[in-house]
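Topology and contacts: notes
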Amino acid sequence: MSDDEKRTEAADSAGDAQGMTSGTQHPDDVEEAARTRSESSPVDQPGKAEEPGGGPDQPSKEEVTTGGDARPGEQAQTQDEAKDEAEESTAEAPDTLGPRLPPEHPSRRGMFGAYGGSGDTSGYGRLVVRDTNPVRGASTPRPWPGELEKLGDDVSAALREAGSTDADVFEKVLVDRGQITFFVKREKLAEVARIFRDDPMLRFEMCMGVNGVHYPEETGRELHAVIQLLSITHNRRVNLEVTCPDSDPHIPSIVHTYPSANWHERETYDFFGILFDGHPALTRIQMPDDWPGHPQRKDYPLGGIPVEYKGATIAPPDERRAYN
Amino acid sequence: MSQQDVTFTPAGDDYADDPYAGVRETTEGPVYTVTGQDWDDVVGAAAAGEERIVVNMGPQHPSTHGVLRLILELDGETVTEARCGIGYLHTGIEKNMEYRTWTQGVTFVTRMDYLSPFFNEAAYVLGVEKLLGITDEIPERANVIRVMMMELNRISSHLVCIATGGMEMGALTVMTNGFRERERTLDLFELITGLRMNHAYIRPGGVAQDLPPGAVESIREYLRWMWDHIGSYEEFCNENPIFKGRTVGVGYLDLAGCMALGITGPVLRSTGLPWDLRKSQPYCGYETYDFEVPTWDTCDSYGRFRIRIEEMKQSLKIVEQCLDRLEPGPVMVGDKKIAWPAQLAIGSDGMGNSLDHIRHIMGESMEALIHHFKLVTEGFRVPAGEVYMPIESPRGELGAHVVSDGGTRPWRMHFRDPSFNNLQAVPAMCEGSMVADVIVAVASIDPVMGGCDR
């Protein structure tokens, strides 16, 4: 909870800083900065490639704001440009040199006006938004709340009975918002699934689904597969999460334990390119058979075309200004 | 006889080069496209020595509930193998939601399973609220309205299932009556949300707007009508020898099969297991309502029909209880950092922000304007993490897997749609039966392809 508060504070102070900036800065400076952004080509911008979500300086957007500028003359323009370039080098420097996010929590893609991975919206790049994603955190220390403590004991007992231990098969165990997620080592998945289904203390009869998540910044574990299990006997649920690197996207299939995972694994393969070893017929299910790429991955663009409405052009969704 | 010896000219020489109904040679042998009235020709080809007949039923077949494609391998009229082809209605909703704010996501999810929009919205919204940690702060009135809308929606969804299922068997009166009752339900939706379908009514933090004047009376009137008319389906079908002949023992799937294939909903309850998430893992306060979970023990299409009728009656009971519980109060969470700033109102140009609110932000308070602008354009942030939120939709477990990275947009949204999962049971239900039984079995699963393909 304290992390959340920190985050809110960070966002608030970022907003304040933004307000302050626009209040104290000279209007001419703002205008010039805007022109600099619009005139430099995308290749020249260091932040450009790293911000697929669309930074604040979308060419279309800036064209709108600077379109009405009357240019004094050729001579003045070149002077302007020279000045702009000088300004650009100084203005961009703090952003790229600013505090970098530690490698374990780099998922934030920057906010409004933010460059270089900083979450600061003021443009000065001095604010770091801490990553609080429990998925990238360590195991949740025991005791766990409510029924989950007993579930954890039952899992340990079942593993002991099968001649294994928690540490052997799990990378970590997360308890978050009343739900428990076992991060299973990928070579152990088939074995663990069988234990979860068959052990009388666990009896997770049903696999409700398999689903992928793509975290491109988590080097070596970019692709996650999340499996939801349901025990009707004991009326409880667990999630199993398995990771695999992008370079070796293999995860053992659980279809032989849970036939219901068949289509779900096909869908996850279709959308993320995760290869489920041992699946009886791993083919695409939603996309056409000859479709190139895997659409739910983060490096796969959303696509779309600009739409004209009453004379104004609205950019496709993935090129619009983003506040993420 | 080799395959090349078979000559096949559909419906006479005049149509020999018909691009839509002809024969073409492939590496697998000749492939015939059958469009109607030329079945005899195909049967003739079969008699002439074809070894396998594989028939594509759909994706444009009227009895496959939308764009479901059934690939049937036939031996005479008997189905020896059945497979489903899906994906014809894939719209990339999950991907699109990654580029919209959390509130805008509701507009997408409501279009997935178009027969049960409120359930899509509720699963998504409950997942988001769980990530936000505000599940307990949702106002009571909002929860009651949510339950009421979901139960009304369950009725309208089951009515479509029974109506179209009946139509496919030739029971046209069931169809016309079913759609008549459904239309009355959609009238209520239109009165309350402004739209017959695709409502985007349940929002993170509550519901989009309070019940309009006269809504409670209209719902009571509707309940009276429904209690009067719901019995007609039982009178039409329960002991109808044709109906029973078509449904009893058809689409058989027992408890072990349901467990293995992850089947939930009426199909699971037709095996006798009273598994309903509203009872076993309640949400939105369902544990405080008085209702029963109907089951049947025949594991077949007939049992599923009876369960759906009974569930509609239980839903009517729940809606009655909701009306009795409706107390005046807010319908949106008190936290102004999350709650949508404006309530909607009908203006001269249709529905929009209420005029009072516009007067407030445009004329009275700059801070209110800033707040409105930030919340509407940026949206609110959802703490990082992931949750899986299952609810009981008319077709079974609808689960929303919500992943946030702490931003104003979902990092990943995934829906475990019951139609998607339950269609895996088609081979188990249909293989070994007649072609005509495939229609009934699929209808008893009640797949909605909008939800299946998303």
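Residues numbered from 1 in each chain as written. Chains lettered and ligands numbered in written order. Predicted model: local features only at pLDDT ≥ 70, side-chain atom pairs only at ≥ 80, totals over all residues. Heavy atoms only, no water.

Chain B is annotated in an unreviewed UniProt entry as NADH-quinone oxidoreductase subunit D of Jiangella rhizosphaerae. According to the UniProt record, the Sequence similarities (unreviewed entry) comment for chain B reads "Belongs to the complex I 49 kDa subunit family." For chain B, the Catalytic activity (unreviewed entry) comment in UniProt is given as "a quinone + NADH + 5 H(+)(in) = a quinol + NAD(+) + 4 H(+)(out)". (UniProt positions renumbered as here; feature names shortened; annotations may be inferred.)

1. With respect to the overall build of chain A
Scanning chain A from terminus to terminus reveals eight helices and nine strands. With 324 residues in all, chain A has 47% of them scored as buried. In chain A, the proportion of contacts linking residues at least 24 apart, taken out of those at least 6 apart, comes to 57%. Approximately 15,700 Å² of chain A is accessible, and the part contributed by carbon and sulfur atoms is 54%. (Helix = DSSP H or I, 4+ residues; strand = E, 2+ residues; numbered from the N terminus. Buried < 20%, exposed > 50% of the residue type's maximum accessible area, 1.4 Å probe, protein only. Contact = heavy atoms within 4.5 Å. Areas by Shrake-Rupley, 256 points an atom, 1.4 Å probe, with all protein chains shown as cover.)

2. Focus: the sheet that holds strand β3 (residues 53-57) of chain B
Sheets are built from strands that pair by backbone hydrogen bonding, the pairs being arranged parallel or antiparallel. Residue and element names in this part refer to chain B. As summarised here, the arrangement of the three strands in space is β3-β4-β5, forming an open sheet in which the pairing is antiparallel. Here the strands that pair on one side only, and so sit at the sheet edges, are β3 and β5 (78-85). Along the sheet, successive strands turn relative to each other by an average axial angle of 25°, direction set aside. The sheet contact formed by strand β4 (residues 69-75) and β5 spans seven bridges and is antiparallel. In the strand pairing of β5, Leu 72 is matched with Ala 82. (Pairing = 2+ DSSP bridges. Axes fitted to C-alpha atoms, helices over the stretch in contact; angles between N-to-C directions.)

3. Comments concerning the packing of aromatic side chains
A complete count under the given rule lists 13 aromatic pairs over all chains for this structure. Members of the aromatic cluster, each reached through a chain of ring pairs, are Phe170(A), Phe182(A), Phe196(A) and Phe204(A). Sitting above the plane of the Phe183(A) ring, Lys172(A) keeps its charged end 4.7 Å from the centroid. In this structure, Arg203(B) is placed above the aromatic ring of Trp340(B), and the distance from its NZ or CZ to the ring centre is 5.9 Å. (Phe/Tyr/Trp six-rings, centres within 6.5 Å; stacked < 30°, edge-to-face > 60°. Lys NZ or Arg CZ within 6 Å of the ring centre and 35° of its normal.)

4. A short note on the interface of chain A and chain B
Counting from both sides, the interface comprises 63 residues of chain A and, opposite them, 57 residues of chain B. Interface area, chain A with chain B, both sides summed: about 5,000 Å², of which 52% is carbon and sulfur. For the interface between chain A and chain B, the tally reads three salt bridges. Summed over the shared surface of chain A and chain B, the number is 24 residue pairs in polar contact (both at pLDDT 80 or more). Of all the secondary structure elements, the ones that give two or more residues to the side of chain A that touches chain B are α1 (2-24), β3 (206-214), β4 (223-231), β5 (236-244) and α8 (261-272) of chain A. If you tally residues by element for the side of chain A that touches chain B, the top one is β3(A), at eight residues. Residue composition of the side of chain A that touches chain B, by class: 28 nonpolar, 17 polar and 18 charged. (Buried area = accessible area lost by both parts, 1.4 Å probe. Salt bridge = Lys/Arg side-chain N within 4 Å of Asp/Glu carboxyl O. Polar contact = N/O pair within 3.5 Å; in protein donor to acceptor, adjacent residues only side chain to side chain. Nonpolar A, V, L, I, M, F, W, Y, C, P; charged D, E, K, R; others polar.)

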